[in-house]
Amino acid sequence: MDVFTDVQKKWEKASESGKQVTEASLKEIIYPHTITKSEPTVNETPKGRPTTKKKEATRLPSLHERIAMLYPPVKVAPKVREKEVHQHHYFLNHHYLKDMPDHFLPFILSTEDVAKDGNCGFHVVVEALGLKGSLEVGELDPISYVRDKMVTNLLKNQNMYKKMMTDEEFVELVNCIRPISKDEYLVLPGGKHIVPSDRWILMPKCGFVIAETFSCAVYYINRDMSYTFVPTLVKMRKGIKNRKVVMGFVEGNHFIGLRLKENCPLPPKTDNLWFLKHVKSDIPPSGTVKLRIE
């Protein structure tokens, strides 16, 4: 066999390394079961030229992503409901504090200003008791509603109120509080309508009327006098205790609402309706309010 003769001749002439290569090739033919090599897997439907690059586990970030990494996102506070903002937002008008007792200043959380239209005292009552837009008031003007309710209470309990004032003073108070008609307003040069001074709320007399009319506690605070008014015609209960009007008198002609801290010392309670003729307030330097009856 010429093939075997040629292989034998090449074997005899081959170098030592050539013999090793020839021997290995012959073993693959004669002893195929000893072969450990396997055919490479080829994609049945290859697209384009096969790549020789090694696939990476993750891709490189783009330029936009690399820039974004340099500026981490800003944490935005969660949106707070309007009610919560109103509940925790306090404004303190320092201009009004000069008319407040010195010992009350550390306990004032906020001053709540109202319109300076002559109805300021009644505005404070409306805001403090949440009467504006309430089911109790409905579509009525809240100021007229408060005035009308107070006059009704005065007339209903006039025997009690007349213990603290003369008949003439009682009539004057009723005329002062009663609802105001449009033609009673004063018109300023700029066109603003204001209430005449004889129709302003009278404090501390009206403190009694507010407390009795709306079954609430009334705290009247001013540098010259500070009092607490509580209803006497109804039994004191928790609902009444938490229903309160805190009113401050400033600038000699304006009433504002006040929000006080929970541990605030309260003005003295007025026990007798006739005390207004006999009581004078005295605020000592110690920081407590005392009453001196003369």
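Note that the structure is a prediction, hence the values are computed from the model and not measured.

**Considering the pattern of salt bridges**
The tally for this structure, following the rule as stated, stands at 7 salt bridges. Lys162 is paired through a salt bridge with Asp167; the nearest N and O atoms lie 3.8 Å apart. Across the salt bridge formed by Arg178 and Glu184, the nearest N and O atoms sit 3.2 Å from each other. Arg178 gets classed as partly exposed once you look at its relative accessible area, which sits at 31%. Classification of Glu184 by relative accessible area gives partly exposed; the value is 23%. It is possible to trace a salt-bridge network through shared partners that takes in Arg178, Glu184 and Arg199.

**Remarks on the sheet that holds strand β6 (residues 244-250)**
Here we have 5 strands laid out as an open sheet, ordered β1-β7-β6-β4-β5, and mixed in their pairing. Every interior strand has two partners, whereas the edge strands, β1 (108-112) and β5 (227-229), have only one. Across the sheet, the mean angle separating the axes of adjacent strands is 30° when strand polarity is ignored. Where β6 meets strand β7 (residues 254-260), 4 bridges bridge the pair, whose relative direction is antiparallel.

**Side note on a nonpolar patch on the surface**
Taken together, the side chains of Val7, Leu26, Ile29 and Ile30 present a nonpolar region at the surface, about 370 Å² in accessible area. No other element matches the 3 residues that helix α2 (residues 16-30) contributes to the nonpolar patch.

**Digging into the confidence of the model for the protein chain**
Model confidence for the protein chain is summarised by a mean pLDDT of 77, while 69% of its residues fall at 70 or above. Taken as a whole, residues 82-88 scores under 50 in pLDDT and shows 1 contact with residues more than four places along the chain or in a different chain.

**Overview of the nonpolar core**
Ranked by size, the top nonpolar core spans 40 residues in total, and within it Val146, Met150, Ile210, Phe214 and Phe255 carry the most contacts. At the level of elements, α6 (120-129), α7 (142-156), α8 (158-161), α9 (167-177), α10 (205-214), β4 (217-221), β5 and β6 are the ones that each hand at least two residues to this core. When near neighbours in sequence (up to four residues on either side) are disregarded, Val146 contacts Phe122, Val125, Val126, Leu131 and Phe214. Among the nonpolar cores identified, the runner-up in size contains 15 residues, and Tyr96, Ile221, Val246 and Val250 belong to it.

**Points about α10**
In terms of residue burial, α10 counts as a mostly covered element, since 9 of its 10 residues are buried. Among the residues of α10, those classed as buried are Cys206, Gly207, Phe208, Val209, Ile210, Ala211, Glu212, Thr213 and Phe214. Within two residues after α10, Ser215 carries a phi angle of roughly 50°, on the positive side.

**Description of unusual backbone geometry**
A cis amide bond links Met203 to the next residue, Pro204, at an omega of 10°. Here Pro204 lies in the loop between β3 (193-194) and α10. Positive phi values are uncommon outside glycine, yet Ser215 reaches one of about 50°. Secondary-structure assignment places Ser215 in the loop between α10 and β4.

The rules behind each value
Residues numbered from 1 in each chain as written. Predicted model: local features only at pLDDT ≥ 70, side-chain atom pairs only at ≥ 80, totals over all residues. Heavy atoms only, no water. Salt bridge = Lys/Arg side-chain N within 4 Å of Asp/Glu carboxyl O. Buried < 20%, exposed > 50% of the residue type's maximum accessible area, 1.4 Å probe, protein only. Pairing = 2+ DSSP bridges. Helix = DSSP H or I, 4+ residues; strand = E, 2+ residues; numbered from the N terminus. Axes fitted to C-alpha atoms, helices over the stretch in contact; angles between N-to-C directions. Patch = residues over 30% accessible without salt bridge, like charges linked within 9 Å, V, L, I, M, F, W, Y side chains within 5 Å. Areas by Shrake-Rupley, 256 points an atom, 1.4 Å probe, with all protein chains shown as cover. pLDDT = per-residue confidence, 0-100. Contact = heavy atoms within 4.5 Å. Core = buried A, V, L, I, M, F, W, Y, C linked by side-chain atoms within 4.5 Å.

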